[in-house]
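Tertiary structure, described
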Amino acid sequence: MILLGSTGSIGVNTLSLVKKFALHVEVLTAGKNIELLNKQIEMFSPKYVCVRDIEDVQKVNHNRVYHGSEGIVEILNIAKSDLVINALVGFAGLAPSVETQRLGKRLALANKESLVVAGNLLDTAKIIPIDSEHFGLKYLLNGKKVASMVITASGGSFRDTPIDRLSSMSVDEALNHPNWSMGRKITIDSATMTNKIFELLEAKWLYGCENLDAIIETKSIIHAFVNFIDGSTTAHLANADMKLPISFALKGEVEEEILPHVNLLEVGNLEFKKIEEDRYPAWEIREDILKNPQLGVVLNAANEVSVERFLNNEINILDIAKINKRAYKYFGDVKPKSLADIFEIDKEVRKYLNKGDL
């Protein structure tokens, strides 16, 4: 397989399963964690390696090292593997997703931005989703007519923080997720609920469902619900561990234990909460963007800029939604029809947000 983003949480979990299932990795790509990448190279002996920055090439213990987004695309073209695990973070994951499908390779997608910004350019019927919520939805579908789909949210780092204290919360506090251990950006996106807007957009593209919503389930035991036309509802329960959806992406079907079963007696009770806009002001645009999914490229670009500003201590957590909504409104008429359009809009949004104090 080709593993894009091997040193992130999805990549590390994927490699633990590669070892468990005795699979072969032809390609590893990573960002800045060269120390971990070198350990992975020693353990899995990939044929090709790619790093983000050219200055890191010489630090990699391998004789076939590429760099940058161009390097990833080049490797995709020369590698023989049929399966691509795209666990890259952010907009950088889009071009590899498009190229993977252009080459006829199978795309197992953990890079949510690919669908968020360009779902109309991808063959979504052929995408294998690596995400607890979308895996849960897929697991529940059984050919019956669906009335609606609901995914769950943990509520993020500030789920129980008094609202009047949100603007003073630190970066370290925002990165202290109550249920999961994830990368920095996705943890912030969880705290603002932007991540859940992205996941609703993904579900729209993946399953063609128009009636979508999300609720908070504080223990992250239930990942998805499907409400059927007949009035019945089914829920997907599993312990919070990405190894389950990754296993199905790697093997197609899994007939062995990946996780221990949920012990409901130990769980004791489950708590559900509504996603409130005063705590999560990003949620205000949920309905509009589901009606106008082409605006996903605007929201994604703005969010990457604003999250980076927050992580650099330039703004507070509530400012992220303010910046995102300002860009969303300003670019509300865009209608991208090609990959070139997507890249141009992404560039223009970033330019707009960087030209002054927004």
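Residues numbered from 1 in each chain as written. Predicted model: local features only at pLDDT ≥ 70, side-chain atom pairs only at ≥ 80, totals over all residues. Heavy atoms only, no water.

1. Details of the overall build of the protein chain
Here is the rule we go by: For helices the rule is a DSSP run of H or I covering at least 4 residues; for strands it is a run of E covering at least 2, with both sets numbered from the N terminus onward. Radius of gyration here uses only the C-alpha atoms, and the compact-globule reference equals 2.2 Å multiplied by the residue count raised to the power 0.38. The classification of residues rests on relative accessible area computed with a 1.4 Å probe and restricted to protein chains. Under 20% of the type maximum is buried, over 50% is exposed, and intermediate values are partly exposed. Contacts are residue-level and defined by heavy atoms, with any inter-residue pair within 4.5 Å sufficient. Accessible surface is estimated by sampling points in the Shrake-Rupley manner with a 1.4 Å probe; for residues, cover comes only from the protein chains shown.
Along its length, the protein chain carries 15 helices and 12 strands. Relative to the 2.2 N^0.38 estimate, which gives 21 Å for 358 residues, the radius of gyration of the protein chain is 20 Å and therefore close to what a compact globule would have. Projected onto the principal axes, the alpha-carbon positions of the protein chain cover approximately 55 × 55 × 40 Å. Looking at the protein chain as a whole, 55% of its 358 residues are labelled buried. Pairs at least 24 apart in sequence give 63% of the contacts found in the protein chain among residues at least 6 apart. As displayed, the protein chain has an accessible area near 16,500 Å², and 49% of this comes from carbon and sulfur atoms.

2. Digging into the pairing of strand E6 (residues 106–109)
Every other side chain in a regular strand lies on the same face of the sheet, so the side chains alternate between the two faces. The condition that has to hold: Strands qualify as paired when DSSP identifies two bridges or more between them. Crossovers are described as right-handed under a simple rule: with the strands pointing away from the observer, the path leading from the first strand over the helix to the second runs clockwise.
Relative to E6, strand E5 (residues 83–86) is paired through 4 bridges, and the arrangement is parallel. Within E6, the residue paired with leucine 83 across the bridge is arginine 106. After leaving E6, the chain enters helix H5 (residues 112–118) and then returns to the sheet as strand E7 (residues 127–129), a path that is right-handed.

3. Concerning the sheet that holds strand E1 (residues 2–4)
Let me state the cut-off plainly: Only C-alpha atoms enter the line fits that serve as axes; for helices the fit covers just the stretch in contact. Angles between N-to-C directions range over 0 to 180 degrees.
Taken in spatial order, the 7 strands of this open sheet run E4-E3-E2-E1-E5-E6-E7, and their pairing is parallel. Since the sheet does not close on itself, it has two edges, and those belong to strand E4 (65–67) and E7, each with one partner. On average, each strand axis in the sheet is tilted by 20° relative to the strand beside it, whichever way the strands run. The pairing of strand E3 (residues 48–51) with E4 spans 3 bridges and is classified as parallel. Its bridge partner lying in E4, valine 49 is registered against valine 65.

4. Some points on the environment of lysine 105
Considering the arrangement of structural elements, one finds lysine 105 in the loop between helix H4 (94–102) and E6. Given the relative accessible area of 13%, lysine 105 is considered buried. Taking the C-alpha atoms as reference points, lysine 105 and lysine 80, separated by 25 residues in sequence, lie 9.5 Å from one another. If we ignore the near neighbours within four places in the chain, the residues touching lysine 105 are Ile2, Leu76, Ala79, Lys80, Ser81, Asp82, Val84 and Thr100.

5. Here's the deal with helix H14 (residues 317–330)
Filter applied, for reference: Counted as a polar contact is a pair of N or O atoms within 3.5 Å, where, for protein atoms, one must be capable of donating a hydrogen and the other of accepting one, and residues adjacent in sequence contribute only when both atoms are in side chains.
Listing the buried residues of H14 in full gives Ile317, Asp319, Ile320, Ala321, Ile323, Asn324, Ala327 and Tyr328. Contact partners of the buried residues in H14: helix H8 (184–192), helix H9 (194–207), helix H12 (286–291), helix H13 (296–311) and helix H15 (339–354). Among the residues of H14, the N-terminal cap falls to asparagine 316, whose side-chain oxygen and the backbone nitrogen of leucine 318 are separated by 2.8 Å.

6. Some thoughts on H15
Stated formally: Multiply 1.5 Å by the residue count of a helix minus one, and that product is the helix's expected span. Each C-beta atom gives one direction from the helix axis, and the arc is the one those directions make.
For H15, built from 16 residues, the straight-helix expectation of 22 Å at 1.5 Å per residue is met to within 8% by its first-to-last C-alpha distance of 23 Å. Taken as a whole, H15 has its buried residues at Ile342, Ile345, Asp346, Val349, Tyr352 and Leu353. In an axial view of H15, the angular spread of the buried residues amounts to 130°, which keeps them on one side of the axis. Opposite the packed face of H15, turned more than 90 degrees from it, sit the exposed residues Ala340, Lys351 and Asn354.

7. Comments concerning the nonpolar core
To keep it simple, the criterion reads: Grouping buried Ala, Val, Leu, Ile, Met, Phe, Trp, Tyr and Cys residues that are joined through side-chain atoms within 4.5 Å yields what is termed a nonpolar core.
Val117, Ile188, Val298, Phe310, Ile317, Val349 and Leu353 are the most contacted members of the largest nonpolar core, which totals 61 residues. Here this core gets 9 residues from one element, more than from any other, and that element is H13. If you look at the next biggest cluster of nonpolar residues, it comprises 35 residues, including Ile34, Ile41, Ile130 and Met242.

8. Topic: the packing of helix H6 (residues 132–140) against H9
Put simply, the test is: We call a crossing left-handed when the near helix sits turned anticlockwise from the far one by less than a right angle, and right-handed when that turn is clockwise. Throughout, the ten residues Ala, Val, Leu, Ile, Met, Phe, Trp, Tyr, Cys and Pro are labelled nonpolar, Asp, Glu, Lys and Arg are labelled charged, and all others, Gly among them, are labelled polar.
Look at H6 against H9: their axes get within 10 Å of each other, and the N-to-C directions meet at 35°. The interaxial crossing formed by H6 with H9 has right-handed handedness. Between H6 and H9, the contacting residues are Glu133, His134, Leu137 and Lys138 on the first element and Lys196, Glu199, Glu202, Ala203, Leu206 and Tyr207 on the second. Partitioning the contact of H6 with H9 into residue classes produces 4 nonpolar, 1 polar and 5 charged.

9. Digging into the packing of aromatic side chains
Which entries qualify depends on this criterion: Stacked, edge-to-face and tilted labels apply to pairs of Phe, Tyr and Trp rings (six-membered ring for Trp) whose centres lie within 6.5 Å, assigned for plane angles under 30 degrees, over 60, and everything in between, in that order. Charge-over-ring placement is defined geometrically: NZ (Lys) or CZ (Arg) within 6 Å of the ring centre, and within 35 degrees of the ring normal.
Summed over the entire model, instances satisfying the criterion amount to 9 aromatic pairs. When the ring of tyrosine 139 is compared with that of phenylalanine 248, the centres are 5.9 Å apart and the planes differ by 75°; the resulting orientation is edge-to-face. With tyrosine 139 in helix H6 and phenylalanine 248 in helix H10 (residues 243–251), the pair connects residues that are 109 residues apart, well separated along the chain. Within the aromatic cluster, the residues linked to one another by ring pairs are Phe135, Tyr139 and Phe248. Sitting over the face of the ring of phenylalanine 21, lysine 251 holds its NZ or CZ atom 4.6 Å from the ring centroid.

10. Some words on the pairing of strand E8 (residues 146–153)
Among the 8 residues that make up E8, 6 are buried, leaving the element largely enclosed by the rest of the structure. As paired elements, E8 and strand E10 (residues 222–228) share 5 bridges and run antiparallel to each other. Opposite valine 146, over in E10, you have phenylalanine 228 as the bridge partner. With 5 bridges connecting them, E8 and strand E9 (residues 212–217) associate as parallel partners. Following the sheet pairing, alanine 153 is matched in E9 by isoleucine 216.

11. Considering the pattern of salt bridges
We count it as follows: Here a salt bridge means any side-chain nitrogen of Lys or Arg lying within 4 Å of a carboxyl oxygen belonging to Asp or Glu.
In total, this model carries 29 salt bridges according to the counting rule given. With a shortest N-O distance of 3.6 Å, glutamate 256 and lysine 20 are connected by a salt bridge. Here glutamate 256, found in the loop between H10 and helix H11 (264–267), pairs with lysine 20, found in helix H1 (residues 9–21); they are 236 residues apart in sequence, far enough to count as distant. The salt bridge involving glutamate 256 is made with lysine 251; its shortest N-O contact spans 3.7 Å.

Bear in mind that shape data such as this cannot, by itself, settle questions of function.
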